[in-house]
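# What the coordinates show
Below, each chain spelled out in residue letters.
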Amino acid sequence: LPFQALPVLFKRWLKNEEVEEGGTVMLHCELTKPNAPVEWRKGDRVLQSSDKYEIRQEGTRVELFIYDAEAQDA
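This is a predicted model, so every value here is computed, not measured.

The rules behind each value
- Here the residue index of a chain counts from 1 through its sequence in written order.
- Totals for whole chains, interfaces and linings use every residue, but because this is a predicted model, local features are given only for residues with pLDDT of at least 70 and side-chain atom pairs only at 80 or more, for both listing and counting.
- To obtain the side-chain values, all non-hydrogen atoms of the structure were used and water was disregarded.
- Where helices and strands are cited, they refer to DSSP runs of H or I of at least four residues and of E of at least two residues respectively, numbered from the N terminus.
- All radius of gyration figures rest on C-alpha atoms, and the globule criterion is 2.2 Å times the number of residues raised to 0.38.
- Burial here depends on accessible area, computed with a 1.4 Å probe over protein chains only, as a share of the maximum for the residue type. Under 20% is buried, over 50% is exposed, and the range in between is partly exposed.
- The contact criterion used throughout is that any non-hydrogen atoms of two residues lie within 4.5 Å.
- Surface accessibility in these figures is a Shrake-Rupley result with a 1.4 Å probe; residues are shielded only by whichever protein chains are displayed.
- His residues and chain termini do not enter the charge count, which takes Lys and Arg as positive and Asp and Glu as negative.
- Here the site of a charge means NZ on Lys, CZ on Arg, CG on Asp, or CD on Glu.
- The pairing criterion for strands is at least two bridges between them, as found by DSSP.
- The convention used is that axes are lines fitted to C-alpha atoms, helices contributing only their stretch in contact, and that angles between N-to-C directions extend from 0 to 180 degrees.

Glancing now at the overall build of the protein chain. In terms of regular secondary structure, the protein chain is built from 0 helices and 6 strands. Counting helices and strands in the order they occur from the N terminus, the protein chain gives β-β-β-β-β-β. Its C-alpha atoms give the protein chain a radius of gyration of 14 Å, clearly above 11 Å, the size a compact globule of 74 residues would have. Taking the principal axes of the C-alpha coordinates as reference, the protein chain spans close to 55 × 20 × 20 Å. The buried share of the protein chain, reckoned over its 74 residues, is 26%. Looking at the protein chain alone, contacts between residues at least 24 apart form 47% of all its contacts between residues at least 6 apart. Just so you have it, the protein chain exposes about 6,000 Å², and 51% of that area is on carbon and sulfur atoms. Averaged over its 10 positive side-chain charges, the protein chain has a centre that lies 8 Å from the centre of its 14 negative ones.

Listed below in structure tokens is the structure:
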């Protein structure tokens, strides 16, 4: 008997954050399902964990840290 799983939705959406140049900013959202696959993007580019970006996911909470923030990170 086929069934359709409920889609993953945002329980808490991203909010705009301000940070001084050179600082660290954390963006986060909360999903309706734990450990759902998430892609962080800037335009067409998929962000990957690196010295610049740190991606964390625990349960339904997903976080993106941007280190050494610059104007082009907006």
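Continuing now.
Let's shift gears to the sheet that holds strand β1 (residues 10-12). Ordered by their spatial adjacency, 4 strands build an open sheet running β1-β2-β6-β5, and the pairing between neighbours is antiparallel. Each edge of the open sheet carries a strand with a single partner, namely β1 and β5 (53-58). Each strand of the sheet is rotated relative to its neighbour by a mean of 30 degrees, with strand direction disregarded. Pairing of strand β2 (residues 25-31) with strand β6 (residues 61-66), which is carried by 6 bridges, proceeds in the antiparallel orientation.

By themselves these figures say nothing about function.
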